[in-house]
Amino acid sequence: MMIGGIVLLVVVLIGAFMLMSRKGPASSSQTSNSPTLAPTQAAIQEGTKAEEKTEGAIKSFEVDGANFKFTPSTFTVNEGDTVKITFKNTQGFHNFSLDEFNAKSKTISAGQEDVLQFVASKKGTFQYYCAVGTHKAMGMVGTLTVN
Ligand SMILES: [Cu+2]
């Protein structure tokens, strides 16, 4: 009976040890909770990066050219924005010129388009125009406002 009791005690001890060793991996998975905090912090950092990106955003516009006007004839961006203009000519023979930012499209005929890109590096109100012939004098102008 004594031996039977000792064997029972050993079995109980082994059982208890196995339970504790099972808790071991369980508690180590709790410590792996702290690594899961790290991705959360990384996500927060990515969030701030995304906000930084909107500061110097790419602003895309389609500007149509015709005899003798631009549509739209005004648009507004923020200082530091990269401005991407798709100049589409719908009528006649025109281009898009903006001297302050050294932005000038190809001179294109109806049905063609040209893409130009520049950084709006200073605040102010700037005139864009068509540099073909007397189109500028005929009113083919528009205004870019940089805030
Ligand atoms: Cu023109």
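Conventions and cut-offs
Residues numbered from 1 in each chain as written. Predicted model: local features only at pLDDT ≥ 70, side-chain atom pairs only at ≥ 80, totals over all residues. Heavy atoms only, no water. Helix = DSSP H or I, 4+ residues; strand = E, 2+ residues; numbered from the N terminus. Buried < 20%, exposed > 50% of the residue type's maximum accessible area, 1.4 Å probe, protein only. Areas by Shrake-Rupley, 256 points an atom, 1.4 Å probe, with all protein chains shown as cover. Salt bridge = Lys/Arg side-chain N within 4 Å of Asp/Glu carboxyl O. Pairing = 2+ DSSP bridges. Axes fitted to C-alpha atoms, helices over the stretch in contact; angles between N-to-C directions. Donors = N, O, S within 2.8 Å, 3.2 Å for Na, K, Ca; no water. Core = buried A, V, L, I, M, F, W, Y, C linked by side-chain atoms within 4.5 Å. Contact = heavy atoms within 4.5 Å. Polar contact = N/O pair within 3.5 Å; in protein donor to acceptor, adjacent residues only side chain to side chain.

Participant: Which parts of the structure should I look at to understand the overall build of the protein chain?
Facilitator: Summing up its helical and strand segments, the protein chain has two helices and eleven strands in all. The N-to-C order of helical and strand elements in the protein chain reads α-α-β-β-β-β-β-β-β-β-β-β-β. Residue burial in the protein chain is summarised as follows: out of 147 residues, 26% are buried. Total accessible area on the protein chain stands at roughly 9700 Å², and carbon and sulfur atoms take up 59% of it.

Participant: Teacher, can you tell me more about the pattern of salt bridges here?
Facilitator: If charged atoms from side chains of opposite charge come close, those side chains can pair. Enumeration over the complete set of coordinates arrives at four salt bridges. For Asp-81, the salt bridge identified is with Lys-59, shortest N-O distance 2.6 Å. On the criterion of sequence distance, the pair formed by Asp-81 in the loop between strand S3 (74-77) and strand S4 (82-89) and Lys-59 in strand S1 (residues 58-66) is long-range, its members being 22 residues apart. We classify Asp-81 as buried; its relative accessible area is 1%. The partner of Glu-113 in a salt bridge is Lys-88, and the shortest N-O contact between them spans 3.9 Å. Taken together, the residues Glu-113 in strand S9 (residues 113-119) and Lys-88 in strand S4 connect sequence positions 25 residues apart.

Participant: Whenever I open this one, the sheet that holds S1 confuses me. Can you help?
Facilitator: In a beta sheet, neighbouring strands pair by backbone hydrogen bonds and run either parallel or antiparallel. With mixed pairing, four strands are arranged side by side in an open sheet as S2-S1-S4-S9. Strands with a single pairing partner mark the edges of an open sheet, and in this sheet they are strand S2 (69-71) and S9. Going from strand to strand, the sheet's axes swing by 25° on average, the running direction of each strand aside. Relative to S4, S1 is paired through eight bridges, and the arrangement is parallel. Residue pairing for S4: Glu-62 is matched across the bridge by Thr-86.

Participant: Sorry if this is basic, but what is going on with the coordination of the copper ion here?
Facilitator: Note on metal sites: the ideal angle is 109.5 degrees for four tetrahedral donors, and 90 or 180 degrees for six octahedral donors. Only His-94 (ND1), Cys-130 (SG) and His-135 (ND1) from the protein coordinate the copper ion, and they sit 1.9 to 2.1 Å from it. Sequence spacing of the donor residues for the copper ion, all on one chain, is H-x35-C-x4-H. Taken individually, Cys-130 and His-135 each receive the classification buried, so the pair is uniform in this respect.

Participant: So what exactly am I meant to see when it comes to the nonpolar core here?
Facilitator: Side chains of a nonpolar character, in soluble globular proteins, are inclined to be buried together. Formed by 23 residues in total, the largest nonpolar core has its most connected members in Phe-75, Ile-85, Phe-96, Leu-98 and Leu-144. Going through the elements one at a time, S1, S3, S4, S9, strand S10 (124-129) and strand S11 (141-146) are the ones with two or more residues in this core. Tallying contributions element by element places S4 first for this core, with three residues. Leave out the neighbours within four places in its chain, and Phe-96 touches Val-63, Phe-70, Phe-75, Ile-85, Phe-87, Ala-103, Lys-104, Ser-105, Leu-116, Tyr-128 and Tyr-129.

Participant: Before we go on, may I ask you to explain the side chain of Asn-95 in this structure?
Facilitator: Residue placement: Asn-95 occurs in the loop between strand S5 (93-94) and strand S6 (97-98). A distance of 3.2 Å separates a polar atom in the side chain of Asn-95 from a polar atom in the side chain of Ser-97. Among the polar contacts listed, one links the side chain of Asn-95 to the side chain of Thr-107, at a separation of 3.0 Å. Setting aside its immediate chain neighbours within four residues, Asn-95 contacts Phe-70, Phe-87, Lys-104, Ser-105, Lys-106, Thr-107, Tyr-129, Cys-130, Ala-131 and Val-132.

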